[in-house]
Amino acid sequence: LDERTGLPSGDPRELGNNGASNPDPALSMDGSPLVYSSGRGGADNVWVRDMGKGAEWQVTDNKNPEFHPVGVPSPTGEWVAYSVLENNRTSVYFQPVRGGERQLGCQACSPPADWIPGTVPRLLLTRQGANYYVDILDLNVIRTLTQHKRYPLLNPSISADGQRVAFSSKAS
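All values reported here derive from a predicted model rather than from experimental measurement.

## Re the packing of aromatic side chains
Turning to step 1, where the next piece is worked out: This structure, assessed with the given rule, holds two aromatic pairs.
Turning to step 2, where the next piece is worked out: Between Tyr-82 and Tyr-93, the aromatic rings sit 6.1 Å apart at their centres with planes inclined by 25°, giving stacked as the arrangement. With Tyr-82 in strand β6 (residues 79-86) and Tyr-93 in strand β7 (residues 89-96), this residue pair connects regions lying 11 residues apart in the sequence. With respect to class, Tyr-82 is no different from Tyr-93; both count as buried.
Turning to step 3, where the next piece is worked out: For the ring pair Phe-94 and Trp-115, a centre distance of 5.7 Å and an interplane angle of 65° mean the geometry is edge-to-face. Pair noted here: Phe-94 is in strand β7 and Trp-115 is in strand β9 (residues 114-115), with a separation of 21 residues, a long-range link. For the pair formed by Phe-94 and Trp-115, the shared burial category is buried.
Turning to step 4, where the next piece is worked out: Just above the ring of Tyr-93 sits the side chain of Arg-102; from NZ or CZ to the centre is 3.8 Å.
Turning to step 5, where the next piece is worked out: Sitting over the ring of Tyr-133, Arg-127 keeps its end group 4.1 Å from the ring centre.

Rendered as structure tokens:
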């Protein structure tokens, strides 16, 4: 997009012409990498595409066609957070985008919703237990921001300066 006008500066390009659905694209703030889900191979997995070089690689190894993993790049593009199904529960992992060991963030939690600005991998996510929660996930440590006894708290997002969190609630 043109910074002054907000209009496209070129024609759209198709990036996922592989015969499969490629939902949930997400770009880091610098525009590379692109993290997305792809159904190639029969089950959805999280993929990363280096927008500068055009190279892409698969991050997850999901075999369950009923599970839809979600991946989110960090604002700097250095990390990807993604969900996987383990023992019929959703777990979230952090992993360097360019390769490296994945680190467990949490088990029995929701897919990652948004990154919190800063140098440490830190995420917003929602969770359901005795109540409904909006949490901060800090590499294996979950801190609750808010909770509600009756209504799900959904779609949390955080401001670019990390000072405000917004979320929706749905009366059940």
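## Re the environment of Asp-161
Turning to step 1, where the next piece is worked out: Within the fold, Asp-161 resides in the loop between β13 (153-158) and β14 (165-169).
Turning to step 2, where the next piece is worked out: A relative accessible area of 46% means that Asp-161 is categorised as partly exposed.
Turning to step 3, where the next piece is worked out: Of the polar contacts made by the side chain of Asp-161, one reaches the side chain of Ser-159; its length is 2.5 Å.
Turning to step 4, where the next piece is worked out: Here Gln-163 takes part through its backbone nitrogen, which lies 2.9 Å from a polar atom of the side chain of Asp-161.

Rules used throughout
- Residues numbered from 1 in each chain as written.
- Predicted model: local features only at pLDDT ≥ 70, side-chain atom pairs only at ≥ 80, totals over all residues.
- Heavy atoms only, no water.
- Phe/Tyr/Trp six-rings, centres within 6.5 Å; stacked < 30°, edge-to-face > 60°.
- Helix = DSSP H or I, 4+ residues; strand = E, 2+ residues; numbered from the N terminus.
- Buried < 20%, exposed > 50% of the residue type's maximum accessible area, 1.4 Å probe, protein only.
- Lys NZ or Arg CZ within 6 Å of the ring centre and 35° of its normal.
- Polar contact = N/O pair within 3.5 Å; in protein donor to acceptor, adjacent residues only side chain to side chain.

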